[in-house]
Amino acid sequence: MTVSTESTTDVLIIGAGPSGLAVAYWMAQYGINARIIDKRSTKIFRGHADGLRGRTLELLDSMGITQRILQEGYHAAGLKYWRPDGNGGLKRAGQLRSTIWKSSPHRMALLSQGRIERFFLDVIRDSSSIDVERGVMGESLTYDESLEHDSQAYPITIKLRTLSEEEATPIPNPGTTPYRPARDDLEDLAPKRKHNVGTIETVRAKYLIGCDGAHSWTRKQLNIPFEGSHTDHIWGVMDVVPITDFPDIRWPSSIDSPHGHLLVITRENNVVRFYVPLQEEDEISPSFDRSTVTLDMLRERVKSIMSPFSFDFKICHWWAAYQVGRRLAPAVNKGRMYLVGDAVHTHSPKIGLGMNMSIQDGFNLGWKLALVVKEMAPPSILGTYKSERHQLAKMLLEFDQKWAAFFLKQKKKQDQLELQGLPEANPEDIQAMQDVFRENEMFAEGHVSFYKASLIVDKDSTAVAKHLTAGERFPQALICKQADGQPWWTSRLLNSDGRFRLLLLVGDCRLEDQKSRILALNGGLLALQKRFTPPKQKLDSVIEVKAIHSAPLDDVELSDFPPVLRQFDETTGWDYTKVWSDSECFWDEQCKGNAYEIWGVDRSRGAMVALRPDQYIGWIGELDDVAGVTKYFEGFLHEPRPEAVL
Ligand SMILES: Cc1cc2nc3c(=O)[nH]c(=O)nc-3n(C[C@H](O)[C@H](O)[C@H](O)COP(=O)(O)OP(=O)(O)OC[C@H]3O[C@@H](n4cnc5c(N)ncnc54)[C@H](O)[C@@H]3O)c2cc1C
């Protein structure tokens, strides 16, 4: 007998991959009544994506996750490339070196997606009762448009079915070594279901977020097409512990041999991921059947490409014949139902950006959605999810196309040289590869985002901060806490707890003029905070004010700063995280006191910067421009109703 139940929720997230977990993170931070479901009976433990770029690591740092990733993962700083040596062998032809370390503490980290999901689940559980409900999927979806503009209404009705173990458990590919779980994954090995198998639950929701991957059920229900390539690329991917005499096996490498192309991605412990294209860009055949691919085929393919070096393995953690096309959904929502991550865009794994984009999509939408659900901001801010993320998805696909075309050109050239009996690496080709890499590095790392002017991005800022741009990330710098001199990266100090931040770059607060300017800010900023903070909440619970001065730490006292920067709590005492100094730290050579130079701000006069909860710059102005920053917040924040509780 089928059991039926009914329920309501403010937000229902479908899919607990990286994008769904990023949305759920914000729901947890803001205390939203939200649920997240996934059709799999357990989280993933092995395989899938593994590369995290600089910007993603900055965001994860602000959630308290990055330290765990750095501790377990492999830190990549470049790519070695190997080419034919002209005598039937291979030779090391050069190295692409990332320059990203110059602008961020975070370089690329490589770690299994299962571990990254582990860390997300932990921070979500730490701050809420939200947990992934597994072994469940949607059966039908309806939307009542007439309720769309009623903020209290539930226009979405979705029927969820609890799946059997068989339906919810993908079968691992033959040849994988039995999994030895990490200790903190043990609890998640056992399937968890909210209801008995076969139960149909009718859920009415205010918002639905489809994070259900490339084959998104939600996208199909919304009738949103997935446009792009008609044929897919097929890659053999395997995570193994290699036994080899290849000298660069612990460096990420790209190998082009007369027998084919291979991408070697060094990973945690002794694991290495091998990417083998099973069909090159110029030889895609729709009739290729990926079910015919076996682990031994991949082993033999890698052996021949790496020869004359030896290659074999005894341990294989995961392998797949991964099929993917270059595709983009033209729309990201219908009414209050949104798509995020791979449900919107897919591309080749060669550029290693899908998980990064997906996390950043979820991170972009989540805080806006939470503000709307709490009626702290109008639903129109959700429009910025498309204007900010969809253009980046388009750029991502263009980049993927460009990168693939470049490799194809190189391959054709090499095939030609081989025909002429000159199969040696050409220095010009290597330079060309360096150039393409450099040209796209800032975009690939997520260090430029091109977010347009909108309700939440004011581009009419004055030129008081030469290197800051509204709509871009706030560049990371290492600064010292005034109270104890501890050096912190700004990504840690600006933690993702749901608050807007007003950064007072107060300049040289030893100067009398500057002191008066700082003291004069107090009344206006306290009034701004009061205006948007719900009754009975801490004054800094919606907009937090922090100061970063440019004077030496020892020349300044906390008591020099006005009350807006010296908040006191009867139970927890003074908040020591409000005032910071851009000065050298004598025990940390990385902390050079150069943050103002990084931001392009005058060390005497300073500036004021408003940051969104996702640490993107919303507004920049003169230090005294309280009226300007108030206008910025008035543009989208609602004043709370007296009874509202945050
Ligand atoms: C081999 C491989 C290597 C990759 N390497 C990289 C890399 O190095 N760097 C990088 O950035 N990206 C990489 N990617 C891409 C990356 O995995 C994806 O872009 C990313 O996981 C997308 O995240 P997502 O949350 O949007 O979707 P997914 O990770 O696909 O998650 C979707 C979730 O939804 C669930 N689901 C699906 N349908 C339903 C349904 N109907 N009901 C309920 N739940 C459902 C699924 O079980 C899954 O948990 C790689 C992908 C693969 C396969």
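- Under an unreviewed UniProt entry, the name given to the protein is Phenol 2-monooxygenase, and the source organism is Aspergillus eucalypticola.
- Under the UniProt heading Sequence similarities (unreviewed entry), the entry covering the protein gives this text: "Belongs to the PheA/TfdB FAD monooxygenase family."

**Here we look at the overall build of the protein**
No. 1: On a plain count of helices and strands, the protein comes out with 15 helices and 32 strands.
No. 2: Compactness check: the protein gives a C-alpha radius of gyration of 26 Å against a globular reference of 26 Å for 646 residues, within 12% of the reference.
No. 3: In terms of its C-alpha atoms, the protein occupies a principal-axis envelope of roughly 75 × 65 × 40 Å.
No. 4: By residue count, 57% of the 646 residues in the protein fall in the buried class.

**Considerations on the site of the ligand**
No. 1: Taken together, 33 residues are adjacent to the ligand, and Ser19, Asp38, Asp342, Met355 and Asn356 come closest.
No. 2: In the environment of the ligand, a nitrogen atom lies 3.1 Å from a nitrogen or oxygen atom belonging to the backbone of Lys39.
No. 3: At a separation of 3.2 Å, a nitrogen atom of the ligand approaches a polar side-chain atom of Tyr275.
No. 4: In isolation the ligand offers 990 Å² of accessible surface; the protein chains occlude 88% of this area.
No. 5: Of all elements in the fold, only helix H1 (18–30), strand S9 (136–143), strand S16 (272–277), strand S17 (311–324) and helix H9 (354–373) reach the threshold of two or more residues within the shell around the ligand.
No. 6: Looking at the shell around the ligand element by element, the count peaks at four residues for H9.
No. 7: Residues belonging to the shell around the ligand are distributed by class as follows: 14 nonpolar, twelve polar and seven charged.

**Notes on the packing of helix H2 (residues 54–62) against H9**
No. 1: The contact between H2 and H9 brings their axes to 10 Å, and the two run at 45°. Taken together, H2 and H9 sit at an angle that is classed as oblique. Pair H2 / H9 crosses with left-handed handedness. Between H2 and H9, the residues in contact are Arg55, Thr56, Leu59 and Ser62 and Asn356, Ile359, Gln360 and Phe363, respectively.

**Observations regarding the packing of H1 against helix H4 (residues 113–127)**
No. 1: Across the interface, H1 lies against H4 with an axial gap of 9 Å and an inter-helix angle of 15°. As far as their axial angle goes, H4 and H1 are roughly parallel. Seen along the crossing, H1 lies across H4 with a hand that is left-handed. Contacts between H1 and H4 involve Pro18, Leu21, Ala22, Ala24, Tyr25, Ala28 and Gln29 from the former and Gln113, Glu117, Phe120, Leu121, Val123, Ile124 and Ser127 from the latter.
No. 2: Grouping the amino acids of the contact of H1 with H4 by side-chain chemistry returns ten nonpolar, three polar and one charged.

**Thoughts on the sheet that holds S16**
No. 1: Strand order in the open sheet formed by seven strands is S6-S5-S14-S15-S16-S13-S17, and the pairing between neighbours is mixed. The open sheet has two free edges, formed respectively by strand S6 (90–97) and S17, since each of these has just one partner strand. Strand-to-strand twist of the sheet, defined as the mean angle between neighbouring strand axes without regard to direction, takes the value 20°.
No. 2: As paired strands, strand S14 (residues 253–257) and strand S15 (residues 260–266) are joined by five bridges and run antiparallel to one another. Bridge pairing links Ser253 to Val264 in S15.
No. 3: Sitting on the sheet, helix H8 (residues 295–306) is in contact with S6, strand S13 (233–244), S14, S15, S16 and S17, with an inclination near 105° to S17.

**Some remarks on H1**
No. 1: Given a rise of 1.5 Å per residue, 13 residues ought to cover 18 Å, and the 19 Å separating the end C-alpha atoms of H1 matches this to within 8%.
No. 2: A large share of H1 lies buried, amounting to twelve of its 13 residues.
No. 3: Listed in full, the buried residues belonging to H1 are Pro18, Ser19, Gly20, Leu21, Ala22, Val23, Ala24, Tyr25, Trp26, Met27, Ala28 and Tyr30.

**Quick word on the domain arrangement of the protein**
Interfaces are often described in size by the accessible area the parts lose on coming together.
No. 1: According to the domain assignment, the protein consists of domain 1 (4–74 + 109–227 + 326–396) and domain 2 (478–634).
No. 2: For domain 1 and domain 2, the distance between their C-alpha centroids amounts to 34 Å.
No. 3: The partner domain 2 presents 14 residues to the 17 residues of domain 1 that form the contact.
No. 4: Both sides together, the interface formed by domain 1 and domain 2 hides about 1200 Å², and carbon and sulfur atoms give 51% of it.
No. 5: Ranking the residues of domain 1 by area buried against domain 2 places Arg55, Ser62 and Trp367 at the top, with a combined share of 38%.

**Side note on a nonpolar patch on the surface**
No. 1: A surface patch of nonpolar side chains, amounting to about 350 Å² of accessible area, comprises Phe568, Trp574 and Tyr576.
No. 2: Position of Tyr576 among the secondary structure elements: in the loop between strand S27 (573–574) and strand S28 (579–581).
No. 3: Judged by relative accessible area, Tyr576 falls into the partly exposed class, the value being 44%.

**Details of the pattern of salt bridges**
No. 1: Under the defined criterion, the tally for this structure stands at 57 salt bridges.
No. 2: The partner of Asp484 in a salt bridge is Lys481, and the shortest N-O contact between them spans 3.3 Å.
No. 3: When its relative accessible area of 38% is taken as the criterion, Asp484 is described as partly exposed.
No. 4: Taken together, the shared-partner salt bridges connect Lys43, Arg68, Glu72, Arg115, Arg118, Asp122, Arg125, Asp131, Asp184, Asp185 and Asp188 into one network.

**Examining the side chain of Glu388**
No. 1: Relative to the helices and strands, Glu388 resides in helix H10 (residues 383–419).
No. 2: Here Lys368 takes part through its side chain, which lies 2.9 Å from a polar atom of the side chain of Glu388.
No. 3: Setting aside its immediate chain neighbours within four residues, Glu388 contacts Asn364, Lys368, Tyr451, Ser454, Ile456, Val457 and Arg612.

**Considering the pairing of strand S2 (residues 34–38)**
No. 1: Most of S2 is tucked away: five of the five residues are buried.
No. 2: Alternating positions in S2 separate into two faces, Ala34, Ile36 and Asp38 on one and Arg35 and Ile37 on the other, with burial throughout.
No. 3: By the bridge criterion, four bridges tie strand S1 (residues 4–14) to S2 in an arrangement that is parallel. Bridged to Val11 within S2 is Ala34.
No. 4: In this sheet, strand S8 (residues 132–134) lies alongside S2 in parallel orientation, the contact comprising three bridges. Directly across from Asp38, in S8, lies its bridge partner Arg134.

Criteria and cut-off values
- Residues numbered from 1 in each chain as written.
- Predicted model: local features only at pLDDT ≥ 70, side-chain atom pairs only at ≥ 80, totals over all residues.
- Heavy atoms only, no water.
- UniProt positions renumbered as here; feature names shortened; annotations may be inferred.
- Helix = DSSP H or I, 4+ residues; strand = E, 2+ residues; numbered from the N terminus.
- Rg over C-alpha atoms; globule rule 2.2 N^0.38 Å.
- Buried < 20%, exposed > 50% of the residue type's maximum accessible area, 1.4 Å probe, protein only.
- Near = heavy atom within 4 Å.
- Polar contact = N/O pair within 3.5 Å; in protein donor to acceptor, adjacent residues only side chain to side chain.
- Areas by Shrake-Rupley, 256 points an atom, 1.4 Å probe, with all protein chains shown as cover.
- Nonpolar A, V, L, I, M, F, W, Y, C, P; charged D, E, K, R; others polar.
- Axes fitted to C-alpha atoms, helices over the stretch in contact; angles between N-to-C directions.
- Parallel < 35°, antiparallel > 145°, perpendicular 65-115°, else oblique.
- Left-handed = near helix turned anticlockwise from the far one by under 90°.
- Contact = heavy atoms within 4.5 Å.
- Pairing = 2+ DSSP bridges.
- Expected span 1.5 Å × (residues − 1).
- Domains from an automatic or database assignment.
- Buried area = accessible area lost by both parts, 1.4 Å probe.
- Patch = residues over 30% accessible without salt bridge, like charges linked within 9 Å, V, L, I, M, F, W, Y side chains within 5 Å.
- Salt bridge = Lys/Arg side-chain N within 4 Å of Asp/Glu carboxyl O.

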